[in-house]
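So the chains spell out like this:
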Amino acid sequence: ESSESPEQLTTRAAEDREPDWQPLPTLNVVPASNEIYVGESLTVDLEVEDAVGLYGLQATCTVDPSILATQSGTFGSLLGPTPLTGANITDVGAGTWFGGASVQAGDPVFGNGTFATLTYQPLTSGTSNVDCDPLASNRDGFELPIVSVNSTVEVLDYGNIIGTATYQGRTNHAAIE
């Protein structure tokens with residue numbers, strides 16, 4: 001027979017059992033950091049990890065419009081081969097992309113996948129974040145928890161060399177033996 005009180009037994013039983021823990025679903029902007037040159041094209045993927053019962057997802061992604069021009073957004077395969085698209089709006093002046101889609105037919109999403117791929121055009125050197133604010137929902141339209149892990153982009157300028165090249169102090173290499 002135990003000498004512990006019922007309260008002590010209940011507390012110990014709660015401490016001994018496995019927690020009902022699951023990772024929080026995450027919207028990752030991939031890759032997490034980029035270096036790119038002015039004039040090149042930049043793409044980032046919005047990858048969802050650990051989705052549980054996901055039926056709809058929307059995200060507003062923002063960049064510094066003086067450094068990156070938002071070009072387009074294309075939905076990935078996370079919500080099925082033909083998701084029901086609610087919005088796919090690019091605002092170059094504000095530096096935003098707003099996209100929303102849901103499963104058109106079938107079961108909710110459990111697991112990982114690509115929600116969208118965004119394309120940007122670097123305008124000038126500098127650093128900009130790609131910050132996304134997601135909103136997830138289940139089949140009944142109730143909000144699901146989701147967090148965002150954003151990205152940083154460093155835009156570099158091509159360098160120019162100005163001056164005179166010399167070899168051993170000479171600007172004229174004629175008559176070297």
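Our structure is the block above this text.
The present account deals with the structure reproduced in this document. (Residues numbered from 1 in each chain as written. Predicted model: local features only at pLDDT ≥ 70, side-chain atom pairs only at ≥ 80, totals over all residues. Heavy atoms only, no water.)

### Here we look at the pairing of strand β12 (residues 151–156)
Condition: Using a 1.4 Å probe on the protein chains alone, a residue whose accessible area is under 20% of its type maximum counts as buried, one over 50% counts as exposed, and one in between counts as partly exposed. Comment: elements are numbered from the N terminus, with helices defined as DSSP H or I runs of at least four residues and strands as E runs of at least two. Criterion used throughout: strands pair if DSSP finds at least two bridges between them.
Burial along β12 is one-sided: Ser-151, Val-153 and Val-155 are buried, while Thr-152, Glu-154 and Leu-156, pointing the other way, are not. Pairing of strand β2 (residues 33–37) with β12 involves 5 bridges; the strand directions are parallel. Note that in β12 the partner of Tyr-37 across the bridge is Leu-156. Sheet topology places strand β9 (residues 126–137) next to β12; 5 bridges connect them, and they run antiparallel. Residue pairing for β12: Ser-128 is matched across the bridge by Val-153.

### Structural notes on the sheet that holds strand β8 (residues 109–122)
Backbone-to-backbone hydrogen bonds join strands into a sheet, with any given pair of strands oriented parallel or antiparallel. To be explicit about the condition: Each axis is a line fitted through C-alpha atoms, taken for helices only over the stretch in contact, and angles between the N-to-C directions span 0 to 180 degrees.
Across the sheet, which stays open at both edges, the 5 strands sit in the order β5-β8-β3-β1-β11 with mixed pairing between neighbours. In the strand order of this sheet, the two ends are held by β5 (68–75) and β11 (147–149), each with one partner. Taken over all neighbouring pairs, the strand axes of this sheet differ in orientation by 20 degrees on average, direction set aside. Note: strand β1 (residues 26–30) against β11, 3 bridges, orientation parallel. Note that in β11 the partner of Leu-27 across the bridge is Ser-148.

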